[in-house]
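Structural characterization, general
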Amino acid sequence: MRSLPVAAAVALPLPLLSLISPGALAASDKPIDDVVRGLEVLRRAAPVSPSGNYAPATVDCPSQKPTIRGAAELSSSETQWLQKRRPNTVDPMLDFFRLTNITGFDAVHYVQSNSHNFSVVPNIGIAVSGGGYRALMNGAGFVAAADSRTPGSTDAGGIGNLLQASTYLAGLSGGGWLVGSIFANNFSTVTQLRDGQSGSDLWQFSNSIIQGPKDTGVSIVDTAEYWSGIATQVDQKRAAGYGISITDYWSRALSYQLINARDGGPSYTFSSIANADNFVAADTPMPILIADERHPGQSIISLNSTVYEMNPWEIGSFDPTVFGFAPTKYVGSNFSNGAVPDDGHCVEGFDQYGYIMGTSSSLFNQLLLQNLSDSSLPSVITDALTSILKSIGDNDNDVAEWRPNPFFKYRPNSNGNADTDFLTLVDGGEDLQNIPLHPLIQPIRAVDVIFAVDSSADTLYNFPNGTALRASYDRSKNDIGNGTKFPAVPDAETFINLKLNQQPTFFGCNTSEFTSGDENAHIPPLVVYMPLVPYTAYSNASTFDPSYTLAERNAFIQNGFNVATMGNGTIDKEWPACAACAVLSRSLERTGTAVPDTCRNCFQRYCWNGTTDSTPVGTYEPQPIIGLTALGAATSLGMSSLAWAVVGVAGAVLAL
């Protein structure tokens, strides 16, 4: 980025300073013992793998053996859960509308009077893009802003309770790390995850994932012991007879930073979320992670690739190629043609929590491979990675090997992996759909609005330009879309020239593009595009940067909070009301309710109206919208690829 004019940092009033954690003000990358902690971060997912370690294990099948179900309907588990979740979203939604206050329209009364009619009560989804740690931290800022438990999120200018009012929370790659970490740790707040606990490596991103944790609280002495432990864990899976890929090593290393358990919780499973008390009570959104399928011999992932979703109950796809789901708990079982044979066996523990997150982010296997020459890595790990790389070749170094293949012999006429005994899945963003919109645009889920948080690195300086949205739009027009619809999206030049990637932008406002005169035609969700842009910090770090100081981490999260709230209303004091209008849009249309004037004005400001400007764009270098805070300026430490400065503009100070 080009340099900015430097001015004195703005002094912060004492009451506002009290809202920022001591860690946020520290330039050092060392843990701060006296930081003010929130509630203790508890473990939400459970160490229920029957092996007691990273390896899956054979178990007795239940009386009704698990099967692959068709995807024409939602699973019975999700359907039953929704019967509790949708009513549970009403009260926080009312609080959200009270806070956001649509002038001239009583949104609280509108929802309250229809609180038992879920064709009227809006159905909300949040999707967090990929983009490595950049995506995790920017997405964390949005989630913090939407979470009523975050101090300051329900103050004027905030959008608190949006998270509590949401039905679905989807993540992909780096965004999947965020979603996965939240649910692995008791649906903890971003503030809790950021501040962590003494003796925990949770969200300590200053500790490179290559070098390993520095804190002896998890019994790590040095890098060699760290990787030797990981190698031992992976060897347990190999010894149990399961295929190993580089993703196994990557996912184990990743888990140390994201799961608050000894050794990153090797026996924790993703399906155990379904048994957590708060999730059973439907007090949280439903987490969904995304991966793409790769066919045998394929090295390039196209928009026609099958998209897999992974949720606490099931793993599978709505795409016409597979159009089926396997039970997550038993996904490692010996399935054939959709069933476990009479002489087959059942397996639990294949859905190891870190492996699910690692599968969705398998592109980051490159981080390991790029560091094979690091002298601090023990030979036990470099030899293992080198051996795998030799056996699979460079073209397959990003795959996660799912062996046995749960969809073996299933739908052989359309399933490209039906004849292979292993399923190869890769990073969910490799088909360019880097925002996990796919599960949320399925008509059967009837989502009304998706807040799409985009931290993609589409430009030279790692900012988004709508590529992920265009990929989803293009895919919806092909047979692989299987009846899904998606709003029209312009080219990258239009995004930049019209500054659609410098503010929230609504896509799909004019529903006539979907109906073509057919009043019964399916109308997809309104997409509220929330692109990463500098407000108070340049958080556009490289996707593959492996470590960040605590100051950088906190500044990136704070900037994401500002993206979500437009600087707590500093840029547009009506933004919270406009976000509320987006939530209500589809419902108002279904009920024939007149659109309030406030919402009309919002839609005029934030809806893409079809205008294009394809003038070629040179280098895209957005300037801070509010101005770099002292914290934002401090992130110049260790960020040599970017220029940092403090500008003399007052900005929102966040309760982070």
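As a further point, take the state of the cysteines. The term disulfide refers to a covalent linkage connecting the sulfur atoms of a pair of cysteines. Following the criterion strictly, the structure yields 4 disulfides and no others. Each disulfide in the protein links cysteines that, numbered along the sequence, combine into the pattern 1-2, 3-8, 4-7, 5-6.

Let's shift gears to the pattern of salt bridges. Counted by the stated rule, this structure contains 17 salt bridges. With its nearest N and O atoms 2.7 Å apart, the salt bridge here joins arginine 98 to aspartate 95. Here aspartate 95 and arginine 98 lie together in helix α4 (residues 90-100), a separation of 3 residues that amounts to about one turn. Arginine 98 sits in the partly exposed class, given a relative accessible area of 46%. Arginine 294 is paired through a salt bridge with glutamate 430; the nearest N and O atoms lie 3.6 Å apart. Residue arginine 294 is located in strand β5 (residues 286-294), and its partner glutamate 430 is located in the loop between β11 (423-427) and β12 (449-454); the two are separated by 136 residues in the primary sequence. Among the residues examined, arginine 294 registers a relative accessible area of 2% and is labelled buried.

In this fold, asparagine 465 is placed in the loop between β12 and α15 (467-476). On the basis of relative accessible area, asparagine 465 is assigned to the buried category, the value being 9%. With residues up to four places along the chain from it excluded, the contact list for asparagine 465 reads Asp458, Thr459, Arg470, Ala492, Phe495, Ile496, Asn501 and Tyr529.

To continue, consider the confidence of the model for the protein. On average, the protein scores 87 in pLDDT, and the residues at 70 or more come to 86%. A low-confidence stretch, residues 1-40 stays under pLDDT 50, and its non-local contacts, those more than four residues away or across chains, total 78 contacts. Counting interchain partners and residues more than four positions distant, the pLDDT-below-50 stretch residues 636-656 has 82 contacts.

A few words on the pairing of β11. On a regular strand, one side chain projects to one face of the sheet and the next to the other, so that they alternate. Here β11 lies mainly inside the structure; 5 of its 5 residues are buried. The sheet contact formed by β5 and β11 spans 4 bridges and is antiparallel. Looking at the pairing, alanine 291 lines up with aspartate 427 of β11. In this structure, strand β10 (residues 400-402) lies alongside β11, joined through 3 bridges in antiparallel fashion. If you follow tryptophan 402 over to β11, its bridge partner there is leucine 423.

Summarising the element assignment, serine 181 is placed in helix α7 (residues 174-184). Apart from the residues within four sequence positions on either side, serine 181 is in contact with Leu193, Leu202, Trp203, Leu258 and Met357.

What follows deals with the packing of aromatic side chains. As enumerated under the stated definition, the model contains 35 aromatic pairs in all. Geometrically, the ring pair formed by tryptophan 177 and tryptophan 250 is tilted, given 5.8 Å between the ring centres and 50° between the ring planes. One end of the pair, tryptophan 177, is in helix α7; the other, tryptophan 250, is in helix α10 (residues 246-258), with 73 residues separating them in the sequence. Joined through ring pairs, the aromatic side chains of Tyr133, Trp177, Trp203, Phe205, Trp250, Phe364, Phe544, Tyr548 and Phe556 make up one cluster. A cation over a ring is seen here: lysine 237 above phenylalanine 350, with NZ or CZ 4.7 Å from the ring centre. The residue whose ring lies beneath lysine 237 is tyrosine 355, and the NZ or CZ to ring-centre distance is 3.9 Å.

The next point concerns unusual backbone geometry. Geometrically, the link from arginine 403 to proline 404 is a cis peptide bond, its omega value of 10° lying close to zero. Turning to its location among the elements, proline 404 is positioned in the loop between β10 and β11. Residues other than glycine seldom take positive phi values, yet alanine 446 does so here, at roughly 50°. Turning to its location among the elements, alanine 446 is positioned in the loop between β11 and β12.

Structurally, tryptophan 575 is set in helix α19 (residues 575-591). Along the primary structure tryptophan 575 and glycine 158 are separated by 417 residues, whereas in three dimensions their C-alpha atoms are 8.9 Å apart. Residue contacts for tryptophan 575: discarding those within four places in its chain leaves Ile159, Pro504, Phe506, Val528, Met530, Ala564, Thr565, Met566 and Tyr606.

Mapped onto the elements of the fold, threonine 505 is located in strand β13 (residues 505-507). Looking at threonine 505, the relative accessible area reads 1%, which means it is buried. Along the sequence, threonine 505 and cysteine 607 sit 102 residues apart, while their C-alpha atoms lie 5.8 Å from each other. Those residues in contact with threonine 505, other than ones at most four positions away along the chain, are Leu500, Val527, Val528, Tyr529, Tyr606 and Trp608.

Take helix α6 (residues 132-146) next. Counted at 1.5 Å a residue, the expected span for α6 with its 15 residues is 21 Å, and the 21 Å between its end C-alpha atoms agrees. Most of α6 sits out of view: 15 of its 15 residues are buried.

Moving on, we come to the nonpolar core. Membership of the largest hydrophobic core comes to 167 residues, with the highest contact counts inside it found for Trp203 and Trp402. Ranked by residues supplied to this core, first place goes to α19 with 10 residues. Discounting chain neighbours no more than four positions away, the residues touching tryptophan 402 are Met310, Ile315, Val331, Phe350, Tyr355, Ile356, Thr359, Asp421, Phe422, Leu423 and Leu425. One finds Phe463, Ile496, Tyr538 and Tyr620 within the second-largest nonpolar core, a separate group that totals 6 residues.

Definitions and limits used
Residues numbered from 1 in each chain as written. Predicted model: local features only at pLDDT ≥ 70, side-chain atom pairs only at ≥ 80, totals over all residues. Heavy atoms only, no water. Disulfide = S-S within 2.5 Å. Salt bridge = Lys/Arg side-chain N within 4 Å of Asp/Glu carboxyl O. Helix = DSSP H or I, 4+ residues; strand = E, 2+ residues; numbered from the N terminus. Buried < 20%, exposed > 50% of the residue type's maximum accessible area, 1.4 Å probe, protein only. Contact = heavy atoms within 4.5 Å. pLDDT = per-residue confidence, 0-100. Pairing = 2+ DSSP bridges. Phe/Tyr/Trp six-rings, centres within 6.5 Å; stacked < 30°, edge-to-face > 60°. Lys NZ or Arg CZ within 6 Å of the ring centre and 35° of its normal. Expected span 1.5 Å × (residues − 1). Core = buried A, V, L, I, M, F, W, Y, C linked by side-chain atoms within 4.5 Å.

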